[in-house]
Amino acid sequence: LIIIENINDINTGLTTSFQEFIDAGKSLIIFPGNDINFSSYNKLYNKYELSFIGLDTTDKKVGELNYQHPIYSNVFDQIKENINLPNVKQNYKLNIKPNSNTASVANLNNEDPFLIETKDNKGSLYTFTTSTDLKFTNFIKQAIFVPTILRITELCEQQNSLSYQIGRDNII
């Protein structure tokens, strides 16, 4: 797992390295910077049928968690309507093409994505649509931050078999 936080420009070398990393079955989390170069981000995201198309500066709140997604399934004992979710002052708008293998994990109250997971081969790309800068959101100060990152980390771990058969080559 690699976590990219607040990088404004993703050069060609990083784009290639990140795509190879995901192709190898690994996972990448991206929190975009607070003043991104849209062209450089889109060079990375075009492969996944996604593009960054603008910055929304209206105040909103995370309004919906996808409790069916593995990140949030079995995290809460019960689902409450009054859960304290992060405020978002600025977020990047995404264009998600219909053939993108992307699932919504959390949405803003205007139905824009806050966190998405894009699968490619065996790997995953987790994209937050906001910077961790407090001028953008208070997500990193909210109680939901720790279980979100923890569950992504747990989902990225390669599971070893519980048993092995003697006489066969097994990589442990």
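As a starting point, this report considers the structure included with it. The shown structure was predicted, so the numbers you read here are calculated from the model rather than taken from an experiment.

**Some words on the environment of Ser51**
Reasoning step 1: Along the chain, Ser51 turns up in strand β3 (residues 50-56).
Reasoning step 2: Through-space distance from the C-alpha of Ser51 to that of Asn95 is 5.1 Å; in sequence the pair is 44 residues apart.
Reasoning step 3: Those residues within four positions of Ser51 in sequence are excluded, and the remaining contacts are Asn42, Lys93, Leu94 and Asn95.

**Considerations on the sheet that holds strand β5 (residues 87-88)**
Reasoning step 1: Reading across the sheet, the seven strands line up as β1-β2-β9-β8-β7-β4-β5 and stay open at both edges, with mixed pairing between neighbours. Taken across any chain shown, the strands that pair with only one partner, and hence form the sheet edges, are β1 (2-7) and β5.
Reasoning step 2: Two strands pair when backbone bridges link them, and strand β7 (residues 102-108) and strand β8 (residues 113-120) are joined in this way by five bridges, in the antiparallel orientation. When the sheet's bridge partners are listed, Asn107 is paired in β8 with Pro113.

**Quick notes on unusual backbone geometry**
Reasoning step 1: Of note in the backbone geometry, Glu49 takes a positive phi value of approximately 60° without being a glycine.
Reasoning step 2: For Glu49, the location among the structural elements is in the loop between α2 (38-45) and β3.
Reasoning step 3: Its identity as a non-glycine residue notwithstanding, Glu111 has a phi of 80°, on the positive side.
Reasoning step 4: With relative accessibility at 67%, the residue Glu111 sits in the exposed group.

**Overview of helix α1 (residues 12-23)**
Reasoning step 1: Its 12 residues give α1 an end-to-end C-alpha distance of 16 Å, which sits within 8% of 16 Å, the value for a rise of 1.5 Å per residue.
Reasoning step 2: One side-chain oxygen at the N-terminal end of α1 lies 3.1 Å from the backbone nitrogen of Gly13; it belongs to Asn11.
Reasoning step 3: Downstream of α1 by a residue or two, Gly25 has a phi angle that is positive, lying close to 90°.

**Describing the pattern of salt bridges**
Reasoning step 1: Evaluated as defined, the whole model comprises six salt bridges.
Reasoning step 2: Residues Lys119 and Glu117 are paired through a salt bridge, measuring 3.3 Å at the closest nitrogen-oxygen approach.
Reasoning step 3: For Glu117, a relative accessible area of 5% gives the class buried.
Reasoning step 4: With a shortest N-O distance of 2.8 Å, Arg151 and Glu154 are connected by a salt bridge. Linking Arg151 with Glu154, this pair stays in helix α3 (residues 145-156), spanning three residues, or about one helical turn.
Reasoning step 5: Assessed through its relative accessible area of 33%, Glu154 is described here as partly exposed.
Reasoning step 6: Via salt bridges that share partners, Asp23, Lys47 and Asp120 belong to a single interconnected network.

**Structural notes on the packing of aromatic side chains**
Reasoning step 1: Scanning the model with the defined rule gives 12 aromatic pairs in all.
Reasoning step 2: Relative to Phe128, the ring of Phe31 lies with its centre 4.1 Å away and its plane at 10°, an arrangement referred to as stacked. Here Phe128 lies in strand β9 (residues 123-128) and Phe31 lies in strand β2 (residues 27-32), a separation of 97 residues in the sequence. We note that Phe31, like Phe128, is buried.
Reasoning step 3: Taken together through their ring pairs, the aromatic side chains of Phe38, Tyr41, Tyr45, Phe52, Tyr92 and Phe136 make up a single cluster.

Conventions adopted
- Residues numbered from 1 in each chain as written.
- Predicted model: local features only at pLDDT ≥ 70, side-chain atom pairs only at ≥ 80, totals over all residues.
- Heavy atoms only, no water.
- Helix = DSSP H or I, 4+ residues; strand = E, 2+ residues; numbered from the N terminus.
- Contact = heavy atoms within 4.5 Å.
- Pairing = 2+ DSSP bridges.
- Buried < 20%, exposed > 50% of the residue type's maximum accessible area, 1.4 Å probe, protein only.
- Expected span 1.5 Å × (residues − 1).
- Polar contact = N/O pair within 3.5 Å; in protein donor to acceptor, adjacent residues only side chain to side chain.
- Salt bridge = Lys/Arg side-chain N within 4 Å of Asp/Glu carboxyl O.
- Phe/Tyr/Trp six-rings, centres within 6.5 Å; stacked < 30°, edge-to-face > 60°.

None of this, on its own, says anything about what the molecule does.
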